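# Coordinate inspection notes
Each chain is listed here by its residues.
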Amino acid sequence: MSVINLIIFVALLVLLAWIFKRTEKLGTTVFIGLVLGLVCGALLQQLADQDVVKSTLDWINLVGSGYVRLLQMIVMPLVFISILSAITRLNQASALGKISFSVISVLLITTAIAAAIGIAMAYIFELSAEGLVAGERELAAQTRVEGRVEKVSSLTIPAMLLSFIPKNPFLELTGANPTSIISVVLFSALLGVAALSLSKEDQALGERIAQGVETLNKLIMRLVRMVIRLTPYGVFALMIKMATTSKWADIVNLGSFIVASYLAILFMFLVHAFILVLFKVNPVGYFKKVLPTLSFAFTSRSSAATLPLNIETQTNKLGNNSVIANFAATFGATIGQNGCAGIYPAMLAVMVAPTVGIEPFSFTYLATLILVVTISSLGIAGVGGGATFAAIVVLSTLNLPLALVGLLISIEPLIDMGRTALNVNGSMVAGTVTNQLLSKK
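Here the structure is a predicted model, which means the values were calculated and not measured.

Quick notes on the rules
Residues numbered from 1 in each chain as written. Predicted model: local features only at pLDDT ≥ 70, side-chain atom pairs only at ≥ 80, totals over all residues. Heavy atoms only, no water. Salt bridge = Lys/Arg side-chain N within 4 Å of Asp/Glu carboxyl O. Helix = DSSP H or I, 4+ residues; strand = E, 2+ residues; numbered from the N terminus. Buried < 20%, exposed > 50% of the residue type's maximum accessible area, 1.4 Å probe, protein only. UniProt positions renumbered as here; feature names shortened; annotations may be inferred. pLDDT = per-residue confidence, 0-100. Core = buried A, V, L, I, M, F, W, Y, C linked by side-chain atoms within 4.5 Å. Contact = heavy atoms within 4.5 Å. Expected span 1.5 Å × (residues − 1). Arc of directions from axis to C-beta. Phe/Tyr/Trp six-rings, centres within 6.5 Å; stacked < 30°, edge-to-face > 60°. Lys NZ or Arg CZ within 6 Å of the ring centre and 35° of its normal. Axes fitted to C-alpha atoms, helices over the stretch in contact; angles between N-to-C directions. Left-handed = near helix turned anticlockwise from the far one by under 90°. Nonpolar A, V, L, I, M, F, W, Y, C, P; charged D, E, K, R; others polar.

So, about the pattern of salt bridges. All told, the structure shown has three salt bridges when counted by the stated rule. A salt bridge links Asp58 to Lys54, with the shortest nitrogen-to-oxygen separation between them at 3.8 Å. One end of the pair, Asp58, and the other, Lys54, are both in helix H3 (residues 50-88), four residues apart, so they sit about a helical turn from each other. The exposure class assigned to Asp58 is partly exposed, which follows from its relative accessible area of 49%. You can call Lys54 exposed: its relative accessible area is 55%. Linking Arg301 and Asp416 is a salt bridge whose minimum nitrogen-to-oxygen distance equals 3.2 Å. Residue Arg301 is located in the loop between helix H13 (283-300) and helix H14 (307-317), and its partner Asp416 is located in helix H20 (residues 412-439); the two are separated by 115 residues in the primary sequence. One continuous salt-bridge network, built from bridges that share partners, spans Arg301, Asp416 and Arg419.

What follows concerns the UniProt feature "transmembrane region" (unreviewed entry) in the protein. The UniProt record annotates "transmembrane region" (unreviewed entry) at residues 6-21, 28-47, 67-87, 99-125, 180-198, 260-279, 363-383 and 389-409. When the span residues 260-279 is considered, its composition is 95% helix and 0% strand, and the gap between its end C-alpha atoms is 29 Å.

Next up on the list: the confidence of the model for the protein. Here the protein averages 82 in pLDDT, while 85% of its residues score no lower than 70. Per-element confidence in the protein ranges from a low mean pLDDT of 51 for helix H5 (residues 136-153) to a high of 94 for helix H12 (residues 255-278).

Before going further, it helps to spend a moment on the nonpolar core. Membership of the largest hydrophobic core comes to 120 residues, with the highest contact counts inside it found for Phe296, Phe327 and Leu369. Excluding anything up to four places from it in sequence, Phe296 contacts Tyr67, Val68, Leu71, Thr231, Val235, Leu238, Arg301, Ala305, Thr306 and Leu309.

We note that Glu126 has phi near 50°; this positive angle belongs to a residue other than glycine. Relative to the assigned elements, Glu126 resides in the loop between helix H4 (95-124) and H5. At Lys280, a residue that is not glycine, the phi angle is positive and equals roughly 60°. By relative accessible area, which is 71% here, Lys280 ends up exposed.

What follows is about the environment of Leu291. With respect to the helices, strands and loops of the structure, Leu291 is situated in helix H13. With 264 residues separating them along the chain, Leu291 and Gly27 place their C-alpha atoms 6.3 Å apart.

What follows covers helix H1 (residues 2-23). A rise of 1.5 Å per residue sets the reference length of H1, with its 22 residues, at 32 Å; its end C-alpha atoms lie 31 Å apart and thus fit the reference within 8%. For H1, the complete set of buried residues consists of Asn5, Leu6, Phe9, Leu12, Leu13, Leu16, Ile19 and Phe20. Down the axis of H1, the smallest arc covering the buried residues is 135°, so these residues share one side. Seen from the open side of H1, the exposed residues pointing more than 90 degrees away from its buried face are Val3, Ile7, Val14, Lys21 and Arg22. At its buried positions, H1 is contacted by helix H2 (26-47), H3 and helix H10 (231-245). Glu24, located one to two residues past H1, shows a positive phi value of around 55°.

Looking now at the packing of aromatic side chains. If you walk through the whole model with that rule in mind, you get eight aromatic pairs. With a centroid separation of 5.9 Å and 15° between ring planes, the pair formed by Phe80 and Phe187 is classed as stacked. One end of the pair, Phe80, is in helix H3; the other, Phe187, is in helix H8 (residues 180-201), with 107 residues separating them in the sequence. With relative accessibility at 24%, the residue Phe187 sits in the partly exposed group. A ring pair is formed by Phe257 and Tyr344, whose centres lie 6.5 Å apart and whose planes are at 75°; its orientation type is edge-to-face. With Phe257 in helix H12 and Tyr344 in helix H16 (residues 338-352), this residue pair connects regions lying 87 residues apart in the sequence. Note on Phe257: relative accessible area 4%, which makes it buried. When the ring centre of Tyr344 is taken as reference, the NZ or CZ atom of Arg419 above it lies at 4.3 Å.

Contact geometry for H4 and H16: axes closest at 8 Å, N-to-C directions at 35°. Note on packing geometry: the crossing formed by H4 with H16 is right-handed. Of the residues in H16, those in contact with Leu107, Thr110, Thr111, Ala114, Ala115, Gly118, Ile119 and Ala122 of H4 are Asn338, Ala341, Gly342, Ile343, Ala346, Met347 and Val350. Across the contact of H4 with H16, the residue classes break down as ten nonpolar, five polar and no charged.

Take a look at the structure:
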């Protein structure tokens with residue numbers, strides 16, 4: 001039976017390749033792959049027994065996880081060389097400060113708005129932690145959460161900022177630490193500034209450095225484009241796995257939280273669209289261009305894995321300056337994630353508060369909660385299991401119990417898909433807004 005499933009899977013991969021070749025439209029093919037994967041996954045879950053499902057998914061996962069690994073493979077080289085290349089072409093190193101300030105400001109402001117929207121959805125749907133029953137998986141998840149609390153409690157803001165400074169840049173290039181991406185950004189930016197300084201002293205030497213960096217940049221970008229062309233097949237396989245492994249009973253039992261979460265995500269997308277309008281960017285054209293990237297973020301549930309697509313979309317489709325695109329994508333993967341570090345912990349904090357006698361909708365509590373969520377988003381989301389860590393930090397800071405983080409583990413993958421897409425879109429909006437602001441000066 002699993003052999004037949006695999007033959008069908010390969011046939012559909014060939015069909016996607018044929019569609020891509022005929023249309024030459026990546027976004028359309030990605031969307032078709034997403035829908036096909038959802039249908040195939042639902043059918044596989046209903047029609048096959050567990051042993052067949054497991055053996056089939058092992059092979060399907062070779063395509064899905066293999067694509068994610070290819071993207072992860074190119075993340076660090078792409079971030080390092082593209083930022084270095086872009087900075088060596090800058091006339092003034094002072095522009096880096098303006099870019100960083102603008103990008104981080106947009107990310108933090110939108111995270112505060114996302115937290116407010118999450119609170120509003122919790123109020124409208126009257127969400128509460130009371131009455132939730134922990135099953136076997138949820139109790140196991142609570143144990144894992146408790147084991148992480150000690151690790152997370154040491155992540156103060158000064159400690160997080162200090163961790164951005166690389167002790168060993170070659171170690172950071174391996175992605176060894178949660179904040180490795182930002183450390184690589186900082187290292188490549190400093191190298192770029194050093195190249196600019198050398199260019200002022202010796203123009204011929206500066207030109208040779210710039211040419212060498214640009215050559216390597218073109219090589220890496222060719223590799224990136226080769227990997228990105230595999231997106232429809234990766235999305236197709238990832239969606240099959242998601243649809244097959246989701247437990248629909250869990251989804252139904254916690255339906256109100258899922259609906260409230262996705263409405264909050266939808267409203268935050270509308271906020272992004274409004275921000276784009278304020279900066280004279282057509283939101284309809286924008287979303288048409290970023291749809292393939294958001295589709296992959298949705299299915300992969302990884303902001304870091306989406307980095308190459310994010311940067312490529314900003315530079316080639318949205319027309320953002322390459323430095324701005326790289327800074328927005330990399331900072332957005334670890335700072336101010338609207339979904340994981342904004343909406344999710346805010347909703348949980350409102351749901352848990354009544355269980356310890358706190359009025360969750362008092363002005364003082366709400367103001368404190370939004371401030372804590374915004375500050376906590378500075379780097380927490382870059383740690384593996386970003387939404388879980390962000391929730392732990394926020395709940396711990398407010399002296400709230402952490403049990404709900406484990407209780408919601410059964411529906412985490414489903415909600416995390418939408419949150420990740422929102423996170424990635426937030427970083428692209430930050431890059432687009434920054435590009436609009438600085439291009440006028």
